[in-house]
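What the coordinates show
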Amino acid sequence: MEKEEELQESATPCLHLVSAFFACEPPDFVISYAREFGGGSITESVQSFIWNGCINKSDVKYNGPYLKRFLKKLIVEIESNGDVVLDELYEKYIFCLACVKDDELAKGNTRMLRRFSFLFPKDCSQASSCQILGKLEVTLQCSLNMLEGDTGCSIWPSGLFLSEFILSFPEVFSGKSCLEQVGSGVGLVGVCLAQANCSKVILTDGDLSTLANMKLNLELNQLATDMLGHTQINNTVQCLYLPWESATENELCEFMPDIVLGADVIYDPLCLPHLVRVLTMLLKREDLNLHYLNNGCKEHLNGNTHAEHLSPALGQGPVAYIASVIRNIDTFNCFLSLAEKAKLIVSDITDTMKPLDLFPYLKSYERSSIRMFKISYLCK
Ligand SMILES: C[S@@+](CC[C@H](N)C(=O)[O-])C[C@H]1O[C@@H](n2cnc3c(N)ncnc32)[C@H](O)[C@@H]1O
C-alpha cells in the first residue's frame, strides 16, 4: 500500500481532488478523484490524505453543510467497497451531524466559502505576466441558493469563463486605465482583473445584497494577495451600485472605461433594453465626450484623470467582452436585435480567442455551453 507521504499534492489526481473539494464541487465528483488517486479504491492512505489535506483544513462554521454531505458520501463509498473507514472520518461526521442542522439548508440562503484554484500549465507565460506562480487561489463567499441577491450571490459558469479569459489574455487588460463590469455578482472577475495588472477596476451591480457580498469577497482576497506580497487589490477595485434601469449618461460619464465586461447578464428579456442602453452609453465614447463638452463638463475632460482615460480610446474606441450561456434563443436574438438598433457590433470570438482551461478539476463546469462576445460601437 502506498504511504501518505508519497501522495504529493502536486500530483495531478491529488491536486484535482484538493482543488475540487475546496471549490465545493458535488461530493460524487470529489470522490471520483479520490478513487482515481487510490487506483480504484479509497485506501487508508488516501483517506489520511483527504483528512489532512481537505477535511481538517475546512471550517465547519462556514462549510458545515457541505462537509456533512461530503463525509456521508465518502463513508458510504468506502464501506460499500468493503474497506476500513478511518476513525477520524466517523468522528467528524458525528460532529457535523450534531452542529449542522438540515433546516439551515432548507432556509435557502446558506452561504459557504468556495476556493477556486486557477491551475496554470507549467511555464505558462500568461501566469508569469500576472505574477502568478503555478496557481492562483480565489476564495469567495457564495450562496447555495442560485437565486439569492437577484442571482448575484452565487457563481455562474460564464463568470468562471470570463475569469479564465482574462487570465489567458492578460495583455488585453494590462495597464488599461479603467475597466468596469456590469452585473458583477460575487466579484471573481474583479479579482482576476486586478491580477492582470489593470490600473483601475470598477465592479457594479444592481442588487445591494450582492454588492455587500462582493465587497466582502474583495476583502477576503486582499488578505491573500497581501500575504503573497502582491499589490493590494483593494486600492484598485471599487464596487458601485448601478441598476441598469436608472443609470444615467452623467453617471456613466464618470467611468470612461476602456473595456467593459459582463458575464451571464443576457437572460431577462425585461432587463435587455436597459442593459443595451447602458452598454451603448459606455461604448459610444466620442459621442459621450461631445455630450460632456456641450454640457459644461469640460473640467472633467481637461482634468488629468479623465484625459488619461480618454486618450487611448479616442483612436480605437472602447470594447466590451460579454460571456454568456444562451439558455433561450429568443431572448438572445432579442438582445442581438436591440444591439443592432443601438449600432453595436456583436462578434462571437469564442473560437478565435479560446481561453486556457484553468479549471481542469471542475467537472460541474460546462465550458462548451458558453460563448464569448466582443462588442463595439459602430462609429459611422
Ligand atoms: C446571473 S448573475 C451573474 C453574476 C456574475 N456576473 C457571474 O457570472 O457569476 C446576473 C447578475 O446581474 C445582476 N443584474 C441583474 N439585473 C440587473 C439590473 N437590472 N441592473 C444591474 N444589475 C443587474 C444581478 O444582480 C447579478 O449579479
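Residues numbered from 1 in each chain as written. Predicted model: local features only at pLDDT ≥ 70, side-chain atom pairs only at ≥ 80, totals over all residues. Heavy atoms only, no water.

The subject of this paragraph is the overall build of the protein. Along its length, the protein carries 17 helices and nine strands. Looking at the protein residue by residue over its 380 residues, the buried ones come to 52%. Contacts in the protein between residues far apart in sequence, at least 24 positions, make up 76% of those at least 6 positions apart. Total accessible area on the protein is roughly 17,200 Å²; 53% of this is exposed by carbon and sulfur atoms. (Helix = DSSP H or I, 4+ residues; strand = E, 2+ residues; numbered from the N terminus. Buried < 20%, exposed > 50% of the residue type's maximum accessible area, 1.4 Å probe, protein only. Contact = heavy atoms within 4.5 Å. Areas by Shrake-Rupley, 256 points an atom, 1.4 Å probe, with all protein chains shown as cover.)

Here helix α8 (residues 157-168) crosses helix α10 (residues 188-195) at 0°, and the two axes come no closer than 9 Å. If you check the angle between α8 and α10, you find them roughly parallel. When α8 is examined against α10, the residues Gly159, Leu160, Leu162, Ser163, Ile166 and Leu167 are found in contact with a partner set consisting of Leu188, Val189, Cys192, Leu193 and Gln195. The residue inventory of the contact of α8 with α10, partitioned by class, reads eight nonpolar, three polar and no charged. (Axes fitted to C-alpha atoms, helices over the stretch in contact; angles between N-to-C directions. Parallel < 35°, antiparallel > 145°, perpendicular 65-115°, else oblique. Nonpolar A, V, L, I, M, F, W, Y, C, P; charged D, E, K, R; others polar.)

The subject of this paragraph is the site of the ligand. Around the ligand, the structure places 23 residues, and the nearest of them are Gly183, Asp205, Trp244, Glu245 and Ala263. Aspartate 205 places a side-chain nitrogen or oxygen 2.6 Å from an oxygen atom of the ligand. One of the backbone N or O atoms of glycine 206 is found 3.1 Å from a nitrogen atom in the ligand. Looking at the shell around the ligand, its residues break down into seven nonpolar, eleven polar and five charged. (Near = heavy atom within 4 Å. Polar contact = N/O pair within 3.5 Å; in protein donor to acceptor, adjacent residues only side chain to side chain.)

Within a pair of aromatic rings, the relevant descriptors are the distance that separates the centres and the angle that separates the planes. Going through the model one piece at a time under the given rule, you end up with 15 aromatic pairs. Ring centres 6.3 Å apart and planes at 75° place the aromatic pair phenylalanine 116 and phenylalanine 359 in the edge-to-face group. Remark: phenylalanine 359 occurs in the loop between β8 (344-348) and β9 (370-377) and phenylalanine 116 occurs in strand β1 (residues 111-119); sequence separation between them is 243 residues. A residue is classified by how much of its surface remains accessible, and phenylalanine 116, at 1% relative accessible area, is buried. The class of phenylalanine 359 is buried, set by a relative accessible area of 2%. On the basis of an interplanar angle of 45° and a centroid distance of 5.3 Å, the ring pair of phenylalanine 165 and tyrosine 321 is categorised as tilted. Of the two residues, phenylalanine 165 sits in helix α8 while tyrosine 321 sits in strand β7 (residues 319-325), which places them 156 residues apart along the sequence. The lysine or arginine in question, arginine 115, covers the ring of phenylalanine 22, its NZ or CZ lying 4.3 Å from the ring centre. (Phe/Tyr/Trp six-rings, centres within 6.5 Å; stacked < 30°, edge-to-face > 60°. Lys NZ or Arg CZ within 6 Å of the ring centre and 35° of its normal.)

Looking at where valine 30 falls in the secondary structure, it is placed in helix α2 (residues 27-37). For valine 30, the residues in contact, after removing those within four places along its chain, are Leu17, Ala20, Phe21, Glu25, Tyr66 and Phe70.

Attention shifts here to the nonpolar core. Across soluble globular proteins, you tend to see nonpolar side chains buried next to one another. Among the nonpolar cores identified, the biggest contains 89 residues, and Ile50, Ile55, Phe118, Phe173 and Tyr321 are the most heavily contacted of them. In terms of residue count, the dominant contributor to this core is helix α4 (residues 60-80) (eight residues). Here this core spans two domains, since at least three of its residues come from each of domain 1 (4-106) and domain 2 (111-377). Look past the residues within four positions of isoleucine 50 in its chain and what remains in contact with it is Leu17, Ala34, Ile42, Ile55, Phe70 and Leu74. Listed in part, the 28 residues of the second largest apolar core include Leu272, Leu275, Val278 and Ala320. (Core = buried A, V, L, I, M, F, W, Y, C linked by side-chain atoms within 4.5 Å. Domains from an automatic or database assignment.)

With mixed pairing, the seven strands of this open sheet are ordered in space as β5-β4-β3-β6-β7-β9-β8. Whereas interior strands pair on both sides, the edge strands pair on one side only; in this sheet they are β5 (237-241) and β8. Averaged over all adjacent pairs, the angle separating strand axes in this sheet is 20°, with direction ignored. Two elements, strand β4 (residues 201-205) and β5, share five bridges in a ladder whose sense is parallel. When the bridges of β5 are listed, aspartate 205 appears paired with tyrosine 241. Running at roughly 140° to β7, α8 makes contact with β3 (179-182), β6 (259-263), β7 and β9 of the sheet. Where α10 meets the sheet, its contacts fall on β3, β4, β5 and β6, and the angle it forms with β4 comes to roughly 175°. (Pairing = 2+ DSSP bridges.)

Let us now look at the packing of α4 against helix α5 (residues 87-99). Interaxial distance between α4 and α5 falls to 9 Å at its minimum, and their mutual angle equals 135°. The pairing of α4 with α5 is recorded here as oblique in orientation. Considering only the axes of α4 and α5, their crossing is left-handed. Mapping the contact onto sequence places Val60, Leu67, Lys68, Leu71, Lys72, Leu74, Ile75, Ile78 and Glu79 in α4 and Leu89, Tyr90, Lys92, Tyr93, Phe95, Cys96, Leu97 and Cys99 in α5. Here the contact of α4 with α5 is built from residues that sort into 13 nonpolar, no polar and four charged. (Left-handed = near helix turned anticlockwise from the far one by under 90°.)

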